[in-house]
Amino acid sequence: MFIISLPYPSLVSISTHRSKLQPNDPKIDDCVGKPLEECRQIVNSYVTARPTQFNNQTSLILDYRKIREQTDPGYYKIVLLTDKSGTKLSGIFDDGVVFYPWPWIVGGVETTIGPWDCDNLSPEECCTFVQGDVPDPDDNGNFLACFVEEPVGGPKNPKREDRAIAVVDSNLEVIRAPIIH
């Protein structure tokens, strides 16, 4: 069984996002470079071989997120990764710094925007700060917008014993080892 999460709830950018892996969250490296369907079989074989670790389950839901690309409809959104409580920005490196992965194009001119130091700011405060720094719409008429993402384990994104989360490219090939959490 697959759960499709395109392009949200997770706006993932390969250059700017890493999962908040906990010490006991298993990763399945054998899936990297494989088609999603083949990965599902690898995940289920992994689970079946460890019945006590997975409450005698023989399969997991393989939830996947497509990697963000500049051509995606939500390219103009910046991801604000919070701490587990969802109240403060943690950023991808747990330092509160927020990145935007592509140039912002205004009047045909590409400009690098960010990074922004949002350490100890709420998502709302960080969004206001970031949008104040980039007040002009891009050449497509979009203003920089914010998308708040809470890591697995937070109140709005609880850990689940029945899923693994993989990151795939536009061809549904796994590009990051699925994490069971």
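Colleague: Mind laying out the overall build of the protein chain, listing which residues take part and the relevant values?
Modeller: A count of helices and strands for the protein chain gives 2 helices and 10 strands. Listing the helices and strands of the protein chain from first to last along the sequence gives β-α-β-β-β-β-β-β-α-β-β-β. Evaluated residue by residue, the protein chain yields a buried proportion of 45% over its 181 residues. About 9300 Å² of surface is accessible on the protein chain, with carbon and sulfur atoms providing 52% of the total.

Colleague: Which residues make up the confidence of the model for the protein chain, and what are the values?
Modeller: Across the protein chain, the average pLDDT comes to 86, with 86% of residues at 70 or higher. Across residues 1-22, confidence stays below pLDDT 50; counting only partners more than four residues off in sequence or on other chains, it has 69 contacts.

Colleague: So what's going on with helix H2 (residues 123-133)? Residues and values would help.
Modeller: Listed in full, the buried residues belonging to H2 are Pro123, Cys126, Cys127 and Val130. The arc enclosing the buried residues of H2, seen along the axis, measures out at 100 degrees, which places them on a common side. Residues of H2 that are exposed and angled more than 90 degrees away from the buried face: Glu124, Thr128 and Gly132. On the buried face of H2, the contacting elements are strand E3 (77-81), strand E4 (97-98), strand E7 (116-117) and strand E8 (145-149).

Colleague: Could you give an account of the pairing of strand E9 (residues 163-168), naming the residues involved and the relevant values?
Modeller: Burial runs high along E9: 6 of the 6 residues are buried. Residues Arg163, Ile165 and Val167 line one face of E9 and the alternating positions Ala164, Ala166 and Val168 line the opposite face, and both faces are buried. Where strand E2 (residues 61-66) and E9 come together, 6 bridges link them in parallel fashion. Counterpart to aspartate 63 in the pairing with E9 is isoleucine 165. When E9 meets strand E10 (residues 174-180), the two strands line up antiparallel, connected through 4 bridges.

Colleague: Describe the packing of aromatic side chains, and please don't skip the residues or the numbers.
Modeller: Considering all chains together, one arrives at 5 aromatic pairs under this definition. With centroids separated by 5.5 Å and ring planes inclined at 80 degrees, the aromatic side chains of tyrosine 75 and tyrosine 76 adopt a geometry described as edge-to-face. Each member of the pair, tyrosine 75 together with tyrosine 76, is buried. Both rings, one in tyrosine 100 and one in tryptophan 102, keep their centres 5.7 Å apart while their planes meet at 85 degrees; by these two values the pair is edge-to-face. Given the relative accessible area of 14%, tryptophan 102 is considered buried.

Colleague: Tell me about unusual backbone geometry, and please be specific about residues and values.
Modeller: Here the bond from glycine 114 into proline 115 is cis, since omega is -5 degrees, no more than 30 degrees from zero. The topology assignment puts proline 115 in the loop between strand E6 (109-111) and E7. Here the phi dihedral of asparagine 56 falls at roughly 60 degrees; this positive angle occurs in a residue that is not glycine. Among the secondary structure elements, asparagine 56 is positioned in the loop between helix H1 (36-48) and E2. In this structure asparagine 56 comes out as exposed when scored by relative accessible area, which is 61%. With phi around 65 degrees, asparagine 120 is a residue other than glycine that occupies positive phi space. Along the chain, asparagine 120 turns up in the loop between E7 and H2.

Colleague: Quick rundown of the pattern of salt bridges? Include the residues and the values.
Modeller: Counted by the stated rule, this structure contains 5 salt bridges. Through salt bridges with shared partners, a single network forms among Lys66, Glu69 and Asp72.

Colleague: Explain the state of the cysteines to me, and be specific about the residues and the numbers.
Modeller: Counting across every chain of the model gives 3 disulfides. Here cysteine 118 connects covalently by a disulfide to cysteine 126, the sulfurs 2.1 Å from one another. One disulfide, between cysteine 118 and cysteine 126, carries an S-S torsion of 70 degrees and so falls in the right-handed class. No difference in accessibility class separates cysteine 118 from cysteine 126, as the two residues are buried. Between the sulfur of cysteine 127 and that of cysteine 146 lies a disulfide, 2.2 Å long from S to S.

Basis of the calculations
Numbers given for residues are sequential positions, taken from 1 along each chain in its written order. Only residues with pLDDT of at least 70 are given local features in this predicted model, and only at 80 or more are side-chain atom pairs given and counted; all residues enter the totals for whole chains, interfaces and linings. Side-chain metrics in this entry use all non-hydrogen atoms of the structure; hydrogen atoms and water are not considered. Per the convention used, a helix needs a DSSP run of H or I reaching at least four residues, while a strand needs a run of E reaching at least two, with both numbered from the N terminus. Categorising residues by exposure relies on relative accessible area from a 1.4 Å probe, with only protein chains included: less than 20% of the type maximum marks a residue as buried, more than 50% marks it as exposed, and the intermediate range marks it as partly exposed. Surface accessibility in these figures is a Shrake-Rupley result with a 1.4 Å probe; residues are shielded only by whichever protein chains are displayed. Each residue gets a pLDDT score, which is the predictor's confidence in that residue and runs from 0 to 100. Should any heavy atoms of two residues lie within 4.5 Å, those residues are considered in contact. Here, the arc refers to the directions that run from the helix axis to the C-beta atoms. Paired strands, as defined in this entry, are two strands with at least two bridges between them according to DSSP. Pairing of aromatic rings covers Phe, Tyr and the six-membered ring of Trp, with a centre-to-centre limit of 6.5 Å; geometry is then stacked below 30 degrees between planes, edge-to-face above 60, and tilted otherwise. Salt bridges are identified by distance alone: a Lys or Arg side-chain nitrogen within 4 Å of an Asp or Glu carboxyl oxygen. Working definition: a disulfide is two cysteine sulfur atoms within 2.5 Å of each other.

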